[in-house]
Amino acid sequence: MEKGLISVDRWAEGSQAYFLTHLHSDHTHGLTSGWSHAPLFCSPLTAKLLPFKFPSFDLSLLRILHPGASHTLTLPSTVLHVTAIDACHCSGSIMLLFRGDFGCVLYTGDFRWEATCERAANARHVLRHALQNVPVVDVVYLDNTYSNPIYDFPPRHVAAQKVMDIISSHPDHDVIIGINTLGKEDLLIEISRALQIKIWVWPERLRTMHLLGYHDIFTTNTSLTRVRAVPQYSFSIETLEALNAMRPTIGIMPSGLPWIKKSLQKNEFLSGSFLTSRYKRGKWSANSEAQTDEQIGNIGSPEKIHEYMYTVPYSDHSNYEEIEEFIKLVQPIRLKGIVASSSCYIEPMYYFGRLCRVDQQTQLLREGHKRKENCKREREGSVRSKTSLGDVNVETGRDRGKALKGRFSGVRLSRFSILRRTHRGAKIHEYNSSDQE
DNA sequence: GCGATCAGCT
DNA sequence: CACAGCTGATCGC
């Protein structure tokens, strides 16, 4: 009988061990407070936050992976080794490097691989070190959210500087920043530090901040600060206009939304597109003052999208260049995307296959995709998601549905991904095993 | 009433 | 379209 060995960010029954890369809810669909299938492995920070998201979670099933350390797991059917590496995506996020009978698999989860970020530099060091014990990485499950050269956005510290410039140039305004339940803590801390100001957050978010170890930066007292971080869903142009009836207020959306709009045409020429044109001129640089000064008060500029509303390209996913650097470092034999949704979706081997170790399968795959490209452009986000190569069998998801109807060629898609939306994760490796514990 | 699911919206 | 994720309606228990 066939059973799964391990699952990452997937919660269907049948695996011997489960791994959670981070606590964003599109990675926890199917996970509940009543979890009882098998041990769940995650980072220390995720373990700290998880009981608040899942109140009656059986903590005896929780196992902590310390980033950088190699853990040996004895599962009912086999022994495997796993190393967690800081993914720099949000607080507690990790990548996972697995070694076992099946070979070596690196699962990035969502990740941001910034050349300039100190944390990423540390993560790079840890990854390099971990890779020294590995002859070759057979498969990388890749956060391919922006694995297309049409996506370009700056490092987060540059985007953060932009945010601070916007705030500084509105000294008499209240400032509302949209964030989600987890993530972008670094941005808020940078703002707080640079402007010497506390940041208001809503009560639950304050508890999260405290759990993360930030005790003096955030407050729930509105009278202590003019900068408030609010749930992204809770504010819009309308609420901002309402607020402005009372006192001058600007809104800032730090968003990973693609910084391209209409002109995602065939070529690389992006000028004229909504949010990209400016960025295409001189590469990203930290000195943004000239631009900012001229942008502010200039309605229709890339970052001022409304009289009171600004957007800043602050992304917790890697841009194309960063993914490229990552692949160069790891040099896997194969790549598999863990995100399959956008109309700009391109199977990662198409762009990054050239950076992989060449073997026959790789060559075949590349030929196959080139052929496909020639026939017709891969839009529609339709059939992609290679499966069942070698002895690694994968369940993968996160599709917009439409083109995908049930099962095909060994891929089993969750009902979520078929019927609705976001679902990431993979069941790595089908395995013969006696029983599950 | 509660949890799971899903449409809608941002 | 895309990020990530909430609200609220509905359904089954």
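Residues numbered from 1 in each chain as written. Chains lettered and ligands numbered in written order. Predicted model: local features only at pLDDT ≥ 70, side-chain atom pairs only at ≥ 80, totals over all residues. Heavy atoms only, no water.

Q: Where do I start with the layout of surface pockets in this structure?
A: Remark: the empty space left among the atoms is shown by a probe the size of a water molecule rolled over them. Taken as a whole, the second largest pocket spans an internal volume of roughly 610 Å³. Around the second largest pocket, the lining is made up of 36 residues, and of these Cys88, Cys117, Arg119, Arg156 and Asp186 lie nearest the centre. Elements supplying a minimum of two residues to the lining of the second largest pocket: helix H1 (44-53), strand E6 (79-86), helix H2 (118-131), helix H3 (156-168) and helix H4 (185-195). Of the residues belonging to the lining of the second largest pocket, the class tally is 15 nonpolar, 10 polar and 11 charged. Both domains that furnish three or more residues to the lining of the second largest pocket are identified here as domain 1 (6-150 + 318-359) and domain 2 (156-312). (1 Å grid on protein atoms, 1.4 Å probe; cavity = no way out; pocket = protein on both sides within 12 Å on 5 of 7 lines; lining within 4 Å. Points joined across faces, edges and corners; volume = space filled by probe spheres on them. Helix = DSSP H or I, 4+ residues; strand = E, 2+ residues; numbered from the N terminus. Nonpolar A, V, L, I, M, F, W, Y, C, P; charged D, E, K, R; others polar. Domains from an automatic or database assignment.)

Q: Looking at this structure, I do not really get the confidence of the model for chain A. What am I missing?
A: As a general rule, the predicted coordinates of low-pLDDT regions are not to be interpreted in detail. Taken over all residues, the pLDDT of chain A has a mean of 75, while the share at 70 or more is 67%. Element-level mean pLDDT values for chain A span from 29 in helix H12 (residues 415-419) up to 97 in strand E5 (residues 70-74). Here residues 429-437 is a poorly scored stretch, pLDDT under 50, and it has 37 contacts once near neighbours within four places are set aside; other chains count. (pLDDT = per-residue confidence, 0-100. Contact = heavy atoms within 4.5 Å.)

Q: Is there a simple way to explain the nonpolar core in this structure?
A: In a soluble, globular protein the nonpolar side chains are often hidden away together inside. Core analysis: the largest hydrophobic core is formed by 36 residues, its most contacted members being Ile177, Leu188, Ile191, Phe218 and Ile252. Only H3, strand E10 (174-179), H4, strand E11 (199-200), helix H5 (203-211), strand E13 (227-231), strand E14 (249-254) and strand E15 (309-312) provide two or more residues apiece to this core. The element best represented in this core is H3, accounting for 6 residues. In terms of nonpolar packing, the next biggest core, distinct from the first, is built from 26 residues, Ala87, Val134, Leu142 and Ile327 among them. (Core = buried A, V, L, I, M, F, W, Y, C linked by side-chain atoms within 4.5 Å. Buried < 20%, exposed > 50% of the residue type's maximum accessible area, 1.4 Å probe, protein only.)

Q: How should I be thinking about the packing of aromatic side chains in this particular structure?
A: For any pair of aromatic rings, the description rests on two quantities: the centre-to-centre distance and the angle between the ring planes. All told, the structure shown has 12 aromatic pairs when counted by the stated rule. Measuring from ring centre to ring centre gives 6.0 Å for Trp11 and Tyr18, while their planes differ by 20°; the resulting arrangement is stacked. Tyr18 carries the same exposure label as Trp11, and that label is buried. An aromatic cluster of three or more residues is present, and its members are Trp11, Tyr18 and Trp35. (Phe/Tyr/Trp six-rings, centres within 6.5 Å; stacked < 30°, edge-to-face > 60°.)

Q: Teacher, can you tell me more about the sheet that holds E5 here?
A: Whether parallel or antiparallel, the strands of a sheet pair through hydrogen bonds between backbone atoms. The sheet built from 6 strands is open, its strands ordered E5-E6-E7-E8-E9-E16 with mixed pairing. The open sheet has two edge strands with one neighbour each: E5 and strand E16 (334-337). Recorded for the sheet is a direction-independent mean angle of 20° between the axes of neighbouring strands. Across the face of the sheet, H2 comes into contact with E6, strand E7 (94-100) and strand E8 (103-107) while running at roughly 160° to E6. Sheet strands in contact with helix H9 (residues 320-330) are E7, E8, strand E9 (139-142) and E16, and its direction is about 160° off that of E9. (Pairing = 2+ DSSP bridges. Axes fitted to C-alpha atoms, helices over the stretch in contact; angles between N-to-C directions.)

Q: Sorry if this is basic, but what is going on with the environment of Ala245 here?
A: With respect to the element layout, Ala245 can be found in the loop between helix H6 (237-244) and E14. Since its relative accessible area comes to 69%, Ala245 is described here as exposed. For the pair Ala245 and Ile150, spaced 95 residues apart in sequence, the C-alpha to C-alpha distance is 39 Å.

Q: How should I be thinking about the environment of Ala38 in this particular structure?
A: Within the secondary structure, Ala38 sits in the loop between strand E2 (17-19) and strand E3 (40-42). Under the relative-accessibility criterion, Ala38 is labelled buried at 1%. Residues Ala38 and Ser169, 131 residues apart in the sequence, show an inter-C-alpha distance of 53 Å.

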